[in-house]
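What follows is each chain in one-letter form.
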Amino acid sequence: MKINYRNPLLSVIFMLVLCNSVFSQKNNSFTIILDAGHGGKDPGNTYHGYKEKEIALKTTLKVGKYLEQDKDFKIIYTRTTDVFVDLEKRPKIANKANAKLFVSIHCNSVKNFGPSGTETFVMGLSRSNMNIEVAKNENSVILLEKNYKEKYLGFDPKKPESLIGLKMMQEENLNSSINLATKIQSNFTKNLNRHSRGVKQQPLWVLDAAYMPSVLIELGFLSNQEEGAFLNSDTGQEKMAKGIAEAIIKYKNEYFGDSKKASVVLKSESSSSQNLKNDNSIDSVYKVQIAVSPRKLSLVSSNFKGLKNISSMKGGSLYKYMYGETTDLLEAKKMEKEAKNKGYSDAFIIEFKDGKSARVR
């Protein structure tokens, strides 16, 4: 992807991402940032006596309690009480901790009391007017901060052109973010029978500034009195929190579980009748996945920071871009290191064998 260095906002965001990518998490725990939206002088949405800042905090703390039952998790909260936290600081907490995930929890509202349902956002652009209004609403907390014009480089959450400027410079995390968002929405729908408004891409500052897979969850509409009552109840918060926590655990096991177990699961799902003991009869081919994008890019080195031998494959509406090709795992690890040195901090090796693929841990 070509980078527009003429836009100062995009250039600064890119440099922050690139500079921070040199750090790595030194422990084996799965660090996750739980971000309760709004707080303090920023109440968020308020309807029918329900306050977003309170519901978001209570639900977030309940998500944390579920996850803390798994010793592999390290939970960091952006707030645990009713305090105001600058939007700028929230992703910084995640970046400093080298977290694996950033999960921000909110409640929705509109002037019409009818709409209801959950939706989960990932960083991206959308032409939907409804989505732009959500972005304006969630980004508007910026206006409550001191010196916001200097801190956010002139970014104005009320102007659509500013939202367009708030675009991810690198899209390596998009697929992972969509994966988690889909799991969350699926739990809400299948397990809780909540109406799903889907997974959507949206230019939200708090997601863009975090350089790990990130999602922003809208639990439902406080403007809908029935849904607001559910979300304001302890039972409703427990159910929503459990759905989020279970999705996060499933995501962790899929991306960071035992590599041998994950590989067997992937293969058995593709062809349950195949005898896995015959895998050694065919050489594996290794490639390094460096990026995922909803756009089809020309496979030229200038679009991939000078890396050559780029290939791509399409999965659903997304294109996966891979660097190199080798049958030597040690050589693949060298390619992975090279890709990371080029700025693709989330690059990883994929093994292709017998028409199947699995991530190499």
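Scroll up a little and you will see the structure.
Bear in mind that the values here come from a model prediction, so they are computed numbers and not experimental data. (Residues numbered from 1 in each chain as written. Predicted model: local features only at pLDDT ≥ 70, side-chain atom pairs only at ≥ 80, totals over all residues. Heavy atoms only, no water.)

S.K.: Lay out helix α10 (residues 234–256) in plain terms, naming residues and giving numbers.
M.R.: One turn of an α-helix holds 3.6 residues; hence residues three or four places apart share an orientation. For α10, which comprises 23 residues, the first-to-last C-alpha distance of 32 Å matches the rise-based estimate of 33 Å (1.5 Å per residue) to within 8%. The complete set of buried residues in α10 reads Gly236, Gln237, Met240, Ala241, Gly243, Ile244, Ala245, Ala247, Ile248, Tyr251, Lys252 and Tyr255. (Helix = DSSP H or I, 4+ residues; strand = E, 2+ residues; numbered from the N terminus. Expected span 1.5 Å × (residues − 1). Buried < 20%, exposed > 50% of the residue type's maximum accessible area, 1.4 Å probe, protein only.)

S.K.: Let's hear about the sheet that holds strand β5 (residues 101–108): which residues, and what values?
M.R.: An order of β4-β1-β5-β8-β6-β7 is seen for the six strands of this open sheet, with the pairing classed as mixed. Lying at the two open borders of the sheet, with one neighbouring strand each, are β4 (73–77) and β7 (196–202). Across the sheet, the mean angle separating the axes of adjacent strands is 20° when strand polarity is ignored. Here strand β1 (residues 30–36) pairs with β4 via five bridges, running parallel. Within β4, the position partnered with Ile32 by the bridge is Ile75. (Pairing = 2+ DSSP bridges. Axes fitted to C-alpha atoms, helices over the stretch in contact; angles between N-to-C directions.)

S.K.: So what about the pattern of salt bridges? Which residues, and what values?
M.R.: Using the criterion set out here, one finds 14 salt bridges in the structure. Between Lys252 and Asp72 there is a salt bridge, with the nearest N and O atoms lying 3.6 Å from each other. Placement of the pair is Lys252 in helix α10 and Asp72 in the loop between α2 (52–67) and β4, with a sequence separation of 180 residues. When salt bridges with common partners are traced through the structure, they connect Asp70, Lys71, Asp72 and Lys252 into a single cluster. (Salt bridge = Lys/Arg side-chain N within 4 Å of Asp/Glu carboxyl O.)

Just distances and angles here, no functional claims.
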